Amino acid sequence: MRKVLYSGVIASILLVSCDSTNQADPPKETMEETPSGSSATAAPTERKPTKDVVFSVEGQDETIKMDLMEGRESLYSFYVDKERYQFERLENFDVLTPVEPLPDSYPEVKMEIRYIHNQSPDEVKEEVKKDLSFTVEEETVTSPVQATSLHGTSGIEPDSQVFMAYLMDAGEAGTLLITEAYSLEVQEGHGARFFQMLETLEIQQ
């Protein structure tokens, strides 16, 4: 049921944007250092291929070596804990999932990142909200990224689904939509790690 709900939200967005996805943006050959979600253009610089980041998870600090991952069409990049997560570029979106397979009975854990071309964050937001079966809270945030965020849960049980979305203004490219799925039980684990990896995300202008 959780997978059907999550997939339904994404399918609806893809249907709305299908007429514009054929307009592929030209690939970028250089990386630019800009604040997360910023539309300001900075001089091109190169991000380091690896980076040591201090993570705080469940009250414990740990230093993790992170690897730089570049998204589709080189439109964004961020650092990933490759010991725990694998990053894949699929046909219509990029996805981050745990390296260790989860039991079939365990709620899925993943983060998807996709561009919705030619649509503003407000337009995409309404499509996301209308296809959810539970209420979400909306707010403007500056951390982990500068975006409009949507957050809600399907219940209060440990296996209840947590839904988190960040809608970032990507300028001419449209909207960068980041969606996360995990259960309440692992919110302080996977949820915290997703948050801290997203703090390193930068949109390339």
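Further up the page is the structure itself.
The structure reproduced in this document is the subject of the present report. The model shown is predicted, which means the values in this text are computed figures rather than measured ones.

Considerations on the overall build of the protein chain
Looking only at helices and strands, one finds 3 helices and 11 strands in the protein chain. Each of the 205 residues in the protein chain was classed as buried or not, and the buried ones make up 50%. Considering only contacts in the protein chain between residues 6 or more positions apart, those separated by 24 or more positions represent 53%. Element-wise, carbon and sulfur atoms account for 47% of the exposed surface of the protein chain, whose accessible area totals about 10,500 Å².

Points about the side chain of Arg72
Along the chain, Arg72 turns up in the loop between strand S2 (60–70) and strand S3 (76–80). Judged by relative accessible area, which is 17%, Arg72 ranks as buried. Leaving out residues up to four positions away in the same chain, Arg72 has contacts with Arg89, Leu90, Glu91, Asn92, Phe93 and Asp94.

Some remarks on the nonpolar core
Within the largest apolar cluster, 36 residues are counted, with the highest numbers of intra-cluster contacts made by Phe78, Leu176, Ile178, Met197 and Leu201. Those residues within four positions of Met197 in sequence are excluded, and the remaining contacts are Phe55, Met66, Phe78, Tyr79, Val80, Asp81, Tyr85 and Leu96. Membership of the second largest hydrophobic core comes to 11 residues, among which are Ile116, Val128, Leu167 and Leu177.

Things to note about the sheet that holds strand S11 (residues 202–203)
Taken in spatial order, the 4 strands make up an open sheet running S1-S2-S3-S11, and their pairing is antiparallel. With one partner strand each, in any of the chains shown, strand S1 (50–57) and S11 form the two edges of the open sheet. Pairing analysis gives 4 bridges linking S2 to S3, with the strands arranged antiparallel. Residue pairing for S3: Met69 is matched across the bridge by Phe78. Its contacts with the sheet put helix H3 (residues 187–198) on S1, S2 and S3, and the angle it makes with S1 is roughly 140 degrees.

Things to note about the pairing of strand S9 (residues 161–169)
Burial runs high along S9: 8 of the 9 residues are buried. The pairing of strand S8 (residues 147–153) with S9 spans 6 bridges and is classified as antiparallel. If you follow His151 over to S9, its bridge partner there is Met164. Pairing between S9 and strand S10 (residues 175–183): 9 bridges, direction antiparallel. Across the sheet, the residue bridging to Met164 is Glu180, located in S10. The turn linking S9 back onto S10 is made up of 5 residues, and Gly171 within it adopts a positive phi angle of 65 degrees.

Quick word on the packing of aromatic side chains
Applying the stated criterion across every chain, the model contains 4 aromatic pairs. Here the aromatic rings of Phe78 and Phe87 are separated by 5.6 Å at their centres, their planes lie at 75 degrees, and the arrangement is edge-to-face. Assessed through its relative accessible area of 16%, Phe87 is described here as buried. On the numbers, 5.5 Å between centres and 50 degrees between planes, the contact of Tyr85 with Phe194 is tilted. Of this pair, Tyr85 sits in strand S4 (residues 85–89) while Phe194 is found in helix H3, placing the two residues 109 residues apart along the sequence. Owing to a relative accessible area of 0%, Phe194 belongs among the buried residues under this scheme. Taken together through their ring pairs, the aromatic side chains of Tyr76, Phe78 and Phe87 make up a single cluster.

A look at the pattern of salt bridges
Between side chains of opposite charge, a pair can form as their charged atoms come close. Enumeration according to the criterion identifies 12 salt bridges in this entry. For Arg47, the salt bridge identified is with Glu202, shortest N-O distance 3.8 Å. You can see Arg47 sitting in the loop between helix H1 (2–17) and S1 and its partner Glu202 sitting in strand S11, a full 155 residues away along the chain. Between Asp94 and Arg72 there is a salt bridge whose closest N-O contact spans 3.3 Å.

With respect to the sheet that holds strand S5 (residues 94–98)
Sheet architecture is open: 7 strands sit in the order S4-S5-S6-S10-S9-S8-S7, paired in antiparallel fashion. If you trace the sheet from one side to the other, it starts and ends with S4 and strand S7 (137–141), each paired once. On average, each strand axis in the sheet is tilted by 15 degrees relative to the strand beside it, whichever way the strands run. Pairing of S5 with strand S6 (residues 110–116) involves 3 bridges; the strand directions are antiparallel. Bridge pairing in S6 places Asp94 opposite Ile113. In the packing of helix H2 (residues 121–130) onto the sheet, contacts are made with S6, S7, S8, S9 and S10, and the angle to S9 comes to roughly 165 degrees.

Quick notes on the rules
- Residues numbered from 1 in each chain as written.
- Predicted model: local features only at pLDDT ≥ 70, side-chain atom pairs only at ≥ 80, totals over all residues.
- Heavy atoms only, no water.
- Helix = DSSP H or I, 4+ residues; strand = E, 2+ residues; numbered from the N terminus.
- Buried < 20%, exposed > 50% of the residue type's maximum accessible area, 1.4 Å probe, protein only.
- Contact = heavy atoms within 4.5 Å.
- Areas by Shrake-Rupley, 256 points an atom, 1.4 Å probe, with all protein chains shown as cover.
- Core = buried A, V, L, I, M, F, W, Y, C linked by side-chain atoms within 4.5 Å.
- Pairing = 2+ DSSP bridges.
- Axes fitted to C-alpha atoms, helices over the stretch in contact; angles between N-to-C directions.
- Phe/Tyr/Trp six-rings, centres within 6.5 Å; stacked < 30°, edge-to-face > 60°.
- Salt bridge = Lys/Arg side-chain N within 4 Å of Asp/Glu carboxyl O.

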